[in-house]
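Survey of secondary and tertiary structure
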Amino acid sequence: MDFSLFYFANDSAGEDGGNRYELLLEGARFADRNGFTAVWTPERHFHAFGGTYPNPSVTGAALAAITERVKIRAGSVVAPLHHPLRIAEEWSVVDNISGGRAGISVASGWHATDFCLNPGAYENRRAGLFDQAAQVRKLWRGEPMTVTGGTGDEADVRIFPPPVQPELPVWITSGGDARTVQEAGKGGYGLLTHLLGQDLDQLAEKIALYRKAVAERPGADGWPGHVALMVHTFLAEDDDAARELVRAPMSAYLRSSLGLILGGSKLENARKIDPSKLREKDIDFLVERAFERYYDDGGLLGGVDKCRAVVERLRDIGVDEIACLIDFGLPTADVLGGLGHLDRLRRLSSDDTEGPR
C-alpha cells in the first residue's frame, strides 16, 4: 500500500497569514524524508473551505523546490475552468522544477460560482472532461494544438518548456459515479476517489468496475490501473487519545463542508438539500453521525493497530494508495507530531505481503 499526504484546508481564512502554509511545507518535507509516495494539493476557489489552494500548480511548484523524491500531484485540477494549454504548460514547469515528479488528477468541478472563471463551460463540464484530459496528454507528448489567435488566424502551438517525463501521470477524480469510473478505466487513467457519499462496499463495487474497464480498454498492455483513496487521517498513541483530539476539529470540518456537500453536490443522497433550511439541531445530528462514521469506518483515525485493520480492508478491496488528508483542523503542531505514528503505520503496511498486488 502506498501512502501519500493530501491537503484541503478547513479554514483558510482563520490561520495567521505568516503560518498558513507551514503544515503544507513541513508535511511535504516529512513525506520526502520518510518514503511517502506523493503530496496532493487541490484547486478551490472563493470559499474558506479549501481556499488556501486556488492553484495546485503554484503550490506544486513550491513543493517541488523543497523536496527531492516525493511525487507532486494535483488533487485536483478543475479542468473545465482552464484551457488545456495552460494546464499542460503549468504542470510542465512543475515537472521541470521537480525533475520529473509531476502528476495531476482532473475533475469536472461542481460549484457554479467557480465557473465565473469560465462561465460557458459549466453546463457541459462533465461531458468535456475526458476530451480535456486527452488533449493535455497530447500536448505533454509534444503534439501541436491548433488554436485561433487574436487576429483570427489559426496557428499550431506546442507547450514550453518541454516536460521531463514523456508521459504525464493522470487520474480522474470521481465521487463514485459508475459511468465516470468506467470511463476513467477505458481511457487508461488512474482513479482518485473518496468516501463522501459512498461506503466501503460501494467503493469496492466501483473499483471492480474500474479494473474491468482498464483490462478491456483498447490497447490494454497489462497495466492494472491505479486507485488512490483520500481519507481523513490522524494517528495518536491510542484510539481514545485520537478520538478526543480529533472530535472537535473533525466535527467543525464536517460542519464547514456541509454547505459544499449538500448545497452543490452531485451525490445522490445530497441532491436538492438546502443546508440553510436545516434546523441547528438537525445539523448537529448530521455532523455527529458523520463524525462517528468517519472515526469508526471512514478514515485513518485512531491508534496504529486500529488503522492497520483499515489499511488491510482497503487493500482487500483494491485500493493502491491512501491519500491521507491531514489538514482538517487540528493545530499544526499536533498534526506534525502525529506523522511519526502515520509513518509507523506505513512501514508496517509495506511489510504485509497479502493483497491484490
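Note: the structure precedes this text.
Residues numbered from 1 in each chain as written. Predicted model: local features only at pLDDT ≥ 70, side-chain atom pairs only at ≥ 80, totals over all residues. Heavy atoms only, no water.

Thoughts on the side chain of S174
Relative to the helices and strands, S174 resides in the loop between β7 (170-173) and α5 (178-186). By relative accessible area, S174 is classed as buried at 3%. Within the structure, the side chain of S174 is placed 3.1 Å from the backbone nitrogen of G176, a separation counted as a polar contact. Only 3.3 Å separates the side chain of S174 from the backbone nitrogen of D177, close enough to count as a polar contact. Not counting chain neighbours up to four residues away, the residues in contact with S174 comprise T180, V181, L191, L192, T193 and H194. (Helix = DSSP H or I, 4+ residues; strand = E, 2+ residues; numbered from the N terminus. Buried < 20%, exposed > 50% of the residue type's maximum accessible area, 1.4 Å probe, protein only. Polar contact = N/O pair within 3.5 Å; in protein donor to acceptor, adjacent residues only side chain to side chain. Contact = heavy atoms within 4.5 Å.)

Brief notes about a negative patch on the surface
Where like charges cluster on the molecular surface, the negative patch consists of E237, D238, D239, D240, E244 and D305. In terms of residue count, helix α7 (residues 239-264) provides more of the negative patch than any other element does, three residues in total. With respect to the element layout, D239 can be found in helix α7. (Patch = residues over 30% accessible without salt bridge, like charges linked within 9 Å, V, L, I, M, F, W, Y side chains within 5 Å. Areas by Shrake-Rupley, 256 points an atom, 1.4 Å probe, with all protein chains shown as cover. Salt bridge = Lys/Arg side-chain N within 4 Å of Asp/Glu carboxyl O. Lys, Arg positive; Asp, Glu negative; His and termini not counted. Charge placed at Lys NZ, Arg CZ, Asp CG, Glu CD.)

Points about the nonpolar core
For soluble globular proteins, nonpolar side chains are generally found buried alongside one another. The biggest cluster of nonpolar side chains holds 92 residues, and the ones touching the most others in it are F3, I104, L300 and I322. Non-local contacts of L300, meaning those with residues more than four positions away in its chain, are made with F3, V231, H232, T233, F234, L235, C307, V310, V311, I322, C324 and L345. (Core = buried A, V, L, I, M, F, W, Y, C linked by side-chain atoms within 4.5 Å.)

A few points about the pattern of salt bridges
On inspection of all chains with the given rule, the structure shows 19 salt bridges. Ionic pairing is found between E216 and K212, a salt bridge with its closest N-O pair at 2.9 Å. You can see E216 and its partner K212 sitting in helix α6 (residues 200-216), four residues apart, about one turn around the helix. The salt bridge partner of E312 is R315, with a shortest N-O separation of 3.1 Å. Placement of the pair is E312 and R315 together in helix α9 (residues 304-317), with a separation of three residues, close to one helical turn. Judged by its relative accessible area of 4%, R315 is buried. One continuous salt-bridge network, built from bridges that share partners, spans R243, R247, E288, E292 and D296.

So, the packing of aromatic side chains
Tallying each qualifying case throughout the model produces seven aromatic pairs. A network of ring pairs unites the aromatic residues F6, W40 and W171 as a single cluster. Directly above the aromatic system of Y295 lies the positively charged group of K306, at a separation of 4.6 Å from the ring centroid. In this structure, R346 is placed above the aromatic ring of F36, and the distance from its NZ or CZ to the ring centre is 5.4 Å. (Phe/Tyr/Trp six-rings, centres within 6.5 Å; stacked < 30°, edge-to-face > 60°. Lys NZ or Arg CZ within 6 Å of the ring centre and 35° of its normal.)

Describing the side chain of S76
Structurally, S76 can be placed in strand β3 (residues 71-78). The exposure class of S76 is buried, given its relative accessible area of 8%.

Section: α9
Helix length check: α9, at 14 residues, gives a terminal C-alpha distance of 20 Å against a target of 20 Å (1.5 Å per residue), a fit within 8%. Residues V304, K306, C307, V310, V311, L314, R315 and I317 constitute the buried set of α9. Of the residues flanking the end of α9, it is G318, one or two places downstream, whose phi is positive at about 105°. (Expected span 1.5 Å × (residues − 1).)

Some remarks on empty space enclosed by the protein
Within the structure shown, the criterion is met by two cavities of 30 Å³ or more. By volume, the second largest cavity amounts to about 50 Å³. Every element with two or more residues in the lining of the second largest cavity is listed here: β9 (227-235) and α10 (332-351). The biggest single contributor to the lining of the second largest cavity is α10, with four residues. (1 Å grid on protein atoms, 1.4 Å probe; cavity = no way out; pocket = protein on both sides within 12 Å on 5 of 7 lines; lining within 4 Å. Points joined across faces, edges and corners; volume = space filled by probe spheres on them.)

Considering the environment of F3
Considering the arrangement of structural elements, one finds F3 in strand β1 (residues 2-6). Taking the C-alpha atoms as reference points, F3 and A323, separated by 320 residues in sequence, lie 6.1 Å from one another. If near-sequence neighbours (up to four positions away) are discounted, F3 is found in contact with F36, T37, A38, L300, V311, I322, C324, L342, L345, R346 and S349.

A look at the pairing of β9
When a strand is regular, its side chains alternate between the sheet's two faces. Within β9, nine of the nine residues are buried, leaving the element largely enclosed by the surrounding structure. Judged by which residues are buried, β9 turns out to be covered on both faces: V227, L229, V231, T233 and L235 on one side and A228, M230, H232 and F234 on the other are all buried. Note: strand β8 (residues 190-193) against β9, three bridges, orientation parallel. Note on β9: the bridge partner recorded for L191 is V227. Across five bridges, the pairing between β9 and strand β11 (residues 321-325) is parallel. Bridge pairing in β11 links V231 to C324. (Pairing = 2+ DSSP bridges.)

Concerning the packing of α6 against α9
For the pair α6 and α9, interaxial distance at closest approach is 9 Å and the crossing angle is 35°. Note on element contacts: α9 touches α6 through R313, L314 and I317, opposite L200, D201, L203, A204 and I207. Grouping the constituent residues of the contact of α6 with α9 by class yields six nonpolar, no polar and two charged. (Axes fitted to C-alpha atoms, helices over the stretch in contact; angles between N-to-C directions. Nonpolar A, V, L, I, M, F, W, Y, C, P; charged D, E, K, R; others polar.)

These figures come from the coordinates and say nothing about function on their own.
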